[in-house]
Amino acid sequence: MPTPADEIIAALRAGHEELAALVRDLKEDDLLRPSGASEWQVSQVLSHLGSGAEIGLATLTAARTGAPGLDGDFNRRVWKRWDAMSPAEHAAGFLAANEELVEAYEALDADTRATLRIDMGFLPEPVDVATSARFRLSEFALHQWDVEVAFNPFASVTPQAVTLLLDHVGGMLGWTSRPQELAGREATLLLRLHQPERTYGLRLGEKVELVDAPAQPDGELTAPAEAWLRLAVGRLGPAYTPDGVQVTGPVTLDDLRRVFVGF
């Protein structure tokens, strides 16, 4: 039976193949199009994914070899080099760097996938392979959407990624939300999702958090799970909102769009 690490690594491979098929055919003008990420062109999204893959590979390699964890200077050097690349180099560099990272995850044997601990640098302690790979999948799947939506306004986050990320959205809300946008208003919504089905409580107050489904909610947010995932990271603008997203109660969908600014 596949483990969580196996499933996430398989999703990283599938996502890479899908995005790489698009990127290989992009021309210069395509790379300069606005992406789904605010203020970034397509090439800048690919630069972010490529530099992230390079850092991710170095982090994984350090864990496998027992080398010291990376410091901030390493990351800054990588980002500086990628920032200096041309749009065409961003595309080519992404294809190479992300392939290398996915291959490195795929090369881990079953025992290593179960026992290896990886120092991510921004967490209080090392994490297992599944957690490390899930962080990458979260970044990759949403930025994949950023690129694809530049060419297809009906693009969506892949169902495989949605299923693997959905139950971990709560851990991102501290980074992706601005509760101050509600100007002191508080509410707890029943969050009712489908494809796949989930039910949570969404508490809006001094902080934004997922809680158990409330027995007496102040309102309700009903949505496809994919749309909720994008809303939580600031990617559910009016032009990209599918049918079936409904909000009732003391806050509106526009309120939630202002709260969830994403990354």
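In the block above lies the structure referred to throughout.
Description of the structure in this document. Within each chain, residues carry numbers counting from 1 in the order of the written sequence. Under the rules for a predicted model, residues below a pLDDT of 70 receive no local features and side-chain atom pairs below 80 are neither given nor counted, while totals for whole chains, interfaces and linings still include all residues. To get the side-chain values, all heavy atoms of the structure are used, and hydrogens and water are removed first.

## Some thoughts on the overall build of the protein chain
Moving on, step 1. Per the secondary structure count, the protein chain includes eleven helices and seven strands.
Moving on, step 2. For 263 residues, the compact-globule formula gives about 18 Å, and the C-alpha radius of gyration of the protein chain, at 19 Å, lands near that figure.
Moving on, step 3. Note on exposure labels: buried denotes an accessible area under 20% of the residue type's maximum, exposed denotes more than 50%, and partly exposed covers the range between, all computed with a 1.4 Å probe on protein chains only. Counting all 263 residues of the protein chain, 47% fall into the buried class.
Moving on, step 4. Here the open area of atoms and residues is found with the Shrake-Rupley method and a 1.4 Å probe, where only the protein chains shown may cover a residue. For the protein chain, the computed accessible surface area is about 13,000 Å², with 51% contributed by carbon and sulfur atoms.
Moving on, step 5. A gap of 2 Å separates the mean positions of the 23 positive and 39 negative side-chain charges of the protein chain. Each helix is a run of H or I in the DSSP string that is no shorter than four residues. Each strand is a run of E no shorter than two, and both are numbered from the N terminus. All radius of gyration figures rest on C-alpha atoms, and the globule criterion is 2.2 Å times the number of residues raised to 0.38. Working convention for charge: Lys and Arg count positive, Asp and Glu count negative, and His plus the chain ends are omitted. By convention, the charge on Lys lies at NZ, on Arg at CZ, on Asp at CG and on Glu at CD.

## Re the nonpolar core
Moving on, step 1. Judged by nonpolar contacts, the single largest core of 64 residues is most densely connected at Tyr105, Trp228 and Phe260.
Moving on, step 2. Ranked by the residues each element gives to this core, the list is headed by helix α7 (residues 129–148), at seven residues.
Moving on, step 3. Two residues qualify as a contact provided that any one of their heavy atoms is within 4.5 Å of a heavy atom in the partner residue. The contact partners of Tyr105, leaving out residues within four places of it in the chain, are Ile9, Leu12, Leu60, Arg113, Val129, Ser132 and Ala133.
Moving on, step 4. Leu19, Leu26, Val45 and Val147 belong to the second largest nonpolar core, which has 14 residues in total. In plain words, nonpolar cores are sets of buried Ala, Val, Leu, Ile, Met, Phe, Trp, Tyr and Cys residues tied together by side-chain atoms within 4.5 Å.

## A word on the layout of surface pockets
Moving on, step 1. Detection works on a 1 Å grid of protein atoms alone, calling trapped sets that fit a 1.4 Å probe cavities and calling open sets with protein on both sides within 12 Å along at least five of seven lines pockets, with lining residues defined by an atom within 4 Å of a point. Grid points are joined across faces, edges and corners, and a volume is the space filled by probe spheres set on the points. Of the volumes computed, that of the largest pocket is approximately 1,300 Å³.
Moving on, step 2. If you go around the largest pocket, you meet 47 residues; those closest to its centre are His48, Phe122, Phe135, Glu139 and Trp175.
Moving on, step 3. Taken together, the elements giving at least two residues each to the lining of the largest pocket come down to α3 (42–65), α4 (72–83), α5 (87–106), α7 and α9 (173–176).
Moving on, step 4. With nine residues, α7 is the largest single contributor of residues to the lining of the largest pocket.
Moving on, step 5. Amino acids are sorted into nonpolar (Ala, Val, Leu, Ile, Met, Phe, Trp, Tyr, Cys and Pro), charged (Asp, Glu, Lys and Arg) and polar (every other residue, Gly among them). In the lining of the largest pocket, the residues fall into 21 nonpolar, 20 polar and six charged.
Moving on, step 6. Empty space within the second largest pocket amounts to approximately 170 Å³.
Moving on, step 7. Considering the residues around the second largest pocket, the lining is formed by Pro153, Phe154, Ala155, Ser156, Pro224, Glu226, Arg230, Ala239, Tyr240, Thr241 and Pro242.

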